[in-house]
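Below, each chain spelled out in residue letters.
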Amino acid sequence: ATPAPGLHPAVPLRDARGTVTGICGVVTDVTARKRAEEAQRASEERFRSVIDNTPNVAIEGFDLDGRVLFWNPAAACLFGIPATEAIGATLGELILCPAAAAEFQQALHAVHASGEPHGPTEWDCTVRGGGTRKVYSTIFRLSGDKNAPQFACIDIDISERVRLEEQLLQAQKMESLGRLTGGIAHDF
């Protein structure tokens, strides 16, 4: 049988006739290690809670090949793709056109090489159901194994802001055109 953590196998003590007269064993205090493990588990739970409960901010994780490692609920909502379908796929398979997918892959490699974040960058993404979204995105490296680097991408949907900016620009153009034609008419 395997002894409990912190306990080592006990050795029987025998007298000259071979009768067991006692047991000799060693006990190691593992309290500090258990506390450290619990603190790490609690920290990981807090991190996961932040990722999962951040509203309106899509947070995704990737490996160096661009395969999705995690996909928070806000990403599932923004792109219309549940985490169960996203994990293991690339953004080219999910939401980016081939040219943008290649650019994303280059950005991952640049972040890997430099250690510096990439972005913010605006990406046009196709969402499930046929629509498109414009996202404001930053990619950065997560600490971890040097042989298996991981990256995070934080996306904010700016589609509505872009649409309103385009409407404002169109209205300003129409106003300028109206002033120009009004001035020409007045001159006649």
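Use the structure listed above.
Residues numbered from 1 in each chain as written. Predicted model: local features only at pLDDT ≥ 70, side-chain atom pairs only at ≥ 80, totals over all residues. Heavy atoms only, no water.

Asks: What should I look at first to understand the overall build of the protein chain in this one?
Replies: Across its full length, the protein chain carries 6 helices and 7 strands. Starting at the N terminus, the α and β elements of the protein chain follow one another as β-β-α-β-β-α-α-α-α-β-β-β-α. Of all 188 residues assigned to the protein chain, the portion counted as buried reaches 26%. Just so you have it, the protein chain exposes about 12,500 Å², and 58% of that area is on carbon and sulfur atoms. (Helix = DSSP H or I, 4+ residues; strand = E, 2+ residues; numbered from the N terminus. Buried < 20%, exposed > 50% of the residue type's maximum accessible area, 1.4 Å probe, protein only. Areas by Shrake-Rupley, 256 points an atom, 1.4 Å probe, with all protein chains shown as cover.)

Asks: Would you mind going over the nonpolar core with me for this structure?
Replies: The nonpolar side chains of soluble globular proteins are, as a tendency, buried together. By size, the foremost hydrophobic cluster in this structure holds 27 residues, and its most contacted members are W71, F79, L94, L96 and F104. Those elements that place two or more of their residues in this core are β3 (58-63), β4 (68-71), α2 (73-79), α4 (91-94), α5 (98-114), β5 (118-126), β6 (132-142) and β7 (150-157). In terms of residue count, the dominant contributor to this core is α5 (6 residues). Apart from the residues within four sequence positions on either side, F104 is in contact with F62, L91, L96, W123, I139 and C153. (Core = buried A, V, L, I, M, F, W, Y, C linked by side-chain atoms within 4.5 Å. Contact = heavy atoms within 4.5 Å.)

Asks: What's the story with the packing of aromatic side chains in this structure? I'm lost.
Replies: Centre distance and the angle of the planes are the two values used to describe a pair of aromatic rings. Under the definition given, this model contains 3 aromatic pairs. Between F62 and F104, the aromatic rings sit 5.0 Å apart at their centres with planes inclined by 65°, giving edge-to-face as the arrangement. In this pair, F62 is assigned in strand β3 and F104 in helix α5, connecting sequence segments 42 residues apart. Among the residues examined, F62 registers a relative accessible area of 0% and is labelled buried. With relative accessibility at 3%, the residue F104 sits in the buried group. Ring centres 6.0 Å apart and planes at 70° place the aromatic pair F104 and W123 in the edge-to-face group. Of this pair, F104 sits in helix α5 while W123 sits in strand β5, and the two are 19 residues apart along the sequence. (Phe/Tyr/Trp six-rings, centres within 6.5 Å; stacked < 30°, edge-to-face > 60°.)

Asks: Just checking my understanding: could you explain the sheet that holds β3 for this structure?
Replies: The strands making up a sheet associate through hydrogen bonds between their backbones, and the pairing can be parallel or antiparallel. If you trace the 5 strands from one edge of the open sheet to the other, you get β4-β3-β7-β6-β5, paired in antiparallel fashion. Single-partner strands in this sheet number two, and they are β4 and β5. Taking each pair of neighbouring strands and ignoring which way they run, the sheet shows an average axis angle of 30°. α5 contacts β3, β5, β6 and β7 of the sheet and is inclined by roughly 20° relative to β6. (Pairing = 2+ DSSP bridges. Axes fitted to C-alpha atoms, helices over the stretch in contact; angles between N-to-C directions.)

Asks: Can you help me understand the state of the cysteines in this one?
Replies: Cysteine pairs can be covalently joined through their sulfur atoms, and such a bond is termed a disulfide. For the coordinates displayed, the defined rule picks out 0 disulfides. Between C125, a cysteine without a disulfide, and C153, which holds the nearest cysteine sulfur, the sulfur-to-sulfur distance is 8.6 Å. (Disulfide = S-S within 2.5 Å.)

Asks: Is there a simple way to think about the pattern of salt bridges in this case?
Replies: Side chains bearing opposite charge may pair, as long as their charged atoms lie close to each other. Scanning all chains against the criterion turns up 9 salt bridges. Residue D52 is joined to R48 by a salt bridge in which the shortest nitrogen-to-oxygen separation is 3.4 Å. With a gap of 4 residues between them, D52 and R48 both fall in helix α1 (residues 31-53), about one helical turn apart. Assessed through its relative accessible area of 37%, R48 is described here as partly exposed. Residue E85 is joined to R128 by a salt bridge in which the shortest nitrogen-to-oxygen separation is 2.7 Å. Of the two residues, E85 is situated in helix α3 (residues 83-86) and R128 in the loop between β5 and β6; the sequence distance between them amounts to 43 residues. A relative accessible area of 42% places E85 in the partly exposed class. Accessibility expressed as a relative area gives 47% for R128, which makes it partly exposed. (Salt bridge = Lys/Arg side-chain N within 4 Å of Asp/Glu carboxyl O.)

So yeah, pure geometry; function would need other evidence.
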